Each structure stands twice: as structure tokens, then as C-alpha cells.
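A look at the structure
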Amino acid sequence: MAAPGAGVRLGGEFMRKVKPIFSSNEAEARQRVISLYKAWYRQIPYIVHEFDIPKSVRQCREKLKEEFVKNKDLKDVRIIDAKVIKGQMDLVETKKMWRQKHHVMNYFQDTRNKQPTDFLSKFYAGRE
């Protein structure tokens, strides 16, 4: 019997056995993601009211969907679990008002201006 953390050879490739964080398979990880989505979805009206953000509930729910769809192609169960844990922590912090309004509003900043890298661009932008 191999030692914990030892690898296994499969067809000439060396594969390391790793323990999953929470979910043992993709179906279980999917259920965790769906339950997290539902928790955030139910909490959005309270977030909009408590933080007094200048967005409607509908806009916030669309942004929530966008954030979840952004990670739809993840296949590694450990990465999915890590993101779910981070999402749960963010939800608790938001529910308990440990976040400020600008933390919540940062989710709505889609594009950030690219900073100039060469000297002339910095000069024209007034940075140097």
C-alpha cells in the first residue's frame, strides 16, 4: 500500500492522489455552488437596502449571475470548493455588515483603465 500523498503511475504519467476539500465529485460540488447561488440570490434585496447601493435588485441579480457564469468552465473539484468557501465567507461578511459600501460596489467595476507602460504614454497621461 502506498503512503498518503504518494503518486500513482498511469500509462507512463505520474498522477498524485490529492484529498478533496469538501466535495468528493463534481455533482456534489455543483450542489454546493447552486446552494451558494441561492443564498446570495435571497440575500440581494437586503444587501441593496442595507448598503443603500445605487443599483436595483434586478441589476444586482444579473451581476450575481454574471459572476457565477464567469467560473462555469471550472472542472477541478478542489478549485470549485475553494471558490465556494470564499463565496460563503464573502456572503457572511456582507450579511454581518463587515464590508463597506465601496466593497460591494467594487463588483460593478467591469473595466479598469489600462495604465500606460512606456515613457511617452506616461508623459502624455501626465504621470511622469
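Residues numbered from 1 in each chain as written. Predicted model: local features only at pLDDT ≥ 70, side-chain atom pairs only at ≥ 80, totals over all residues. Heavy atoms only, no water.

To continue, consider the overall build of the protein. Per the secondary structure count, the protein includes five helices and two strands. The linear arrangement of helices and strands in the protein, starting from the amino end, is β-β-α-α-α-α-α. With 128 residues in all, the protein has 18% of them scored as buried. Put simply, of all contacts in the protein between residues at least 6 apart along the chain, 59% involve residues at least 24 apart. (Helix = DSSP H or I, 4+ residues; strand = E, 2+ residues; numbered from the N terminus. Buried < 20%, exposed > 50% of the residue type's maximum accessible area, 1.4 Å probe, protein only. Contact = heavy atoms within 4.5 Å.)

Think of an α-helix as turning once every 3.6 residues; residues three or four places apart then point the same way. The terminal C-alpha atoms of helix H2 (residues 57-70) lie 20 Å apart, and with 14 residues this matches the ideal 20 Å at 1.5 Å per residue to within 8%. For H2, the complete set of buried residues consists of Cys60, Lys63 and Leu64. Here the buried residues of H2 occupy an arc of 105° about the axis, which is enough to place them on one side. The exposed set on the far side of H2, more than 90 degrees from its buried face, consists of Arg58 and Lys65. Contacts from the buried residues of H2 go to helix H1 (26-51). (Expected span 1.5 Å × (residues − 1). Arc of directions from axis to C-beta.)

Here we come to the environment of aspartate 81. Note that aspartate 81 resides in helix H3 (residues 77-95). By relative accessible area, which is 1% here, aspartate 81 ends up buried. For the pair aspartate 81 and serine 24, spaced 57 residues apart in sequence, the C-alpha separation works out to 10.0 Å. Ignoring any residue separated from it by four or fewer positions in sequence, one finds aspartate 81 in contact with Ile21, Phe22, Ser23, Ala29 and Arg32.

What follows is about the environment of tyrosine 46. On the secondary structure map, tyrosine 46 appears in helix H1. For the pair formed by tyrosine 46 and valine 57, sequence separation is 11 residues and the distance between their alpha carbons is 9.2 Å.

Here we come to a positive patch on the surface. A cluster of basic residues, Lys38, Arg42, Lys95 and Lys96, forms a positive patch at the surface. A relative accessible area of 48% places lysine 95 in the partly exposed class. (Patch = residues over 30% accessible without salt bridge, like charges linked within 9 Å, V, L, I, M, F, W, Y side chains within 5 Å. Areas by Shrake-Rupley, 256 points an atom, 1.4 Å probe, with all protein chains shown as cover. Salt bridge = Lys/Arg side-chain N within 4 Å of Asp/Glu carboxyl O. Lys, Arg positive; Asp, Glu negative; His and termini not counted. Charge placed at Lys NZ, Arg CZ, Asp CG, Glu CD.)

The subject of this paragraph is a nonpolar patch on the surface. Taken together, the side chains of Phe119, Leu120, Phe123 and Tyr124 make up a nonpolar region of the molecular surface, amounting to roughly 500 Å² of accessible area. Following the sequence through the fold, phenylalanine 119 ends up in helix H5 (residues 119-125).

Geometrically, a pair of aromatic rings is defined through the distance of the ring centres and the angle of the planes. In this structure the tally under the stated criterion is four aromatic pairs. Between tyrosine 37 and phenylalanine 68 the ring centres are 5.1 Å apart and the planes differ by 85°, which places this aromatic pair in the edge-to-face class. Taken together, the residues span a long stretch of sequence, with tyrosine 37 in helix H1 and phenylalanine 68 in helix H2 at a distance of 31 residues. Take tyrosine 37: its relative accessible area is 25%, and that puts it in the partly exposed class. (Phe/Tyr/Trp six-rings, centres within 6.5 Å; stacked < 30°, edge-to-face > 60°.)

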